[in-house]
Amino acid sequence: MKRSIMTGSIAALLSMFPVASLLALVWKFPLPMGGYAQGVRAALLAPLAALFYGLFGGFLVVPALGAASGALAFKLSEGDSGQARKLSIALGVASAVAAGVFLNVLDKIIGPW
């Protein structure tokens, strides 16, 4: 179980940067002190924005979500270590996507930044 938790956590942490770029490329991404941006330029700046958000709590929240998804993957795989690893990675990346989407819709929840 520890391995699945660690795998999910690391997968979420490492994928948050490419996920931010992909979201900026296909949808939008909030750039600190720049508002929402989209397109190729935003995709290049989005990893720096993810680093900024990471320093203000994202480096705790995203790996914690990944760890929870790793534990879920272990339970779903019923102890099969190969399947648990693959599922931990997939759910860890999904956790990073969920965190990025949350940043994108945060203005709808709390109002404009």
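Above this note sits the structure.
Analysis parameters
Residues numbered from 1 in each chain as written. Predicted model: local features only at pLDDT ≥ 70, side-chain atom pairs only at ≥ 80, totals over all residues. Heavy atoms only, no water. Phe/Tyr/Trp six-rings, centres within 6.5 Å; stacked < 30°, edge-to-face > 60°. Helix = DSSP H or I, 4+ residues; strand = E, 2+ residues; numbered from the N terminus. Buried < 20%, exposed > 50% of the residue type's maximum accessible area, 1.4 Å probe, protein only. Axes fitted to C-alpha atoms, helices over the stretch in contact; angles between N-to-C directions. Parallel < 35°, antiparallel > 145°, perpendicular 65-115°, else oblique. Left-handed = near helix turned anticlockwise from the far one by under 90°.

S.K.: Break down the packing of aromatic side chains for me, with residues and values.
M.R.: Scanning the entire structure with this criterion turns up 4 aromatic pairs. Residues Phe-17 and Phe-59 carry aromatic rings whose centres are separated by 6.4 Å and whose planes lie at 55° to one another, so their mutual orientation is tilted. Remark: Phe-59 occurs in helix 2 (residues 40-77) and Phe-17 occurs in helix 1 (residues 2-26); sequence separation between them is 42 residues. Taking relative accessible area as the criterion, Phe-17 reaches 25% and is therefore assigned partly exposed.

S.K.: Quick rundown of the packing of helix 1 against helix 2? Include the residues and the values.
M.R.: A pair of packed helices is captured by two measures, namely the crossing angle of their axes and the spacing between those axes. Where helix 1 contacts helix 2, the two axes come as close as 6 Å, and the packing angle between them is 150°. Judged by the inter-axis angle, helix 1 sits roughly antiparallel to helix 2. Judged by the twist between their axes, the crossing of helix 1 over helix 2 is right-handed.

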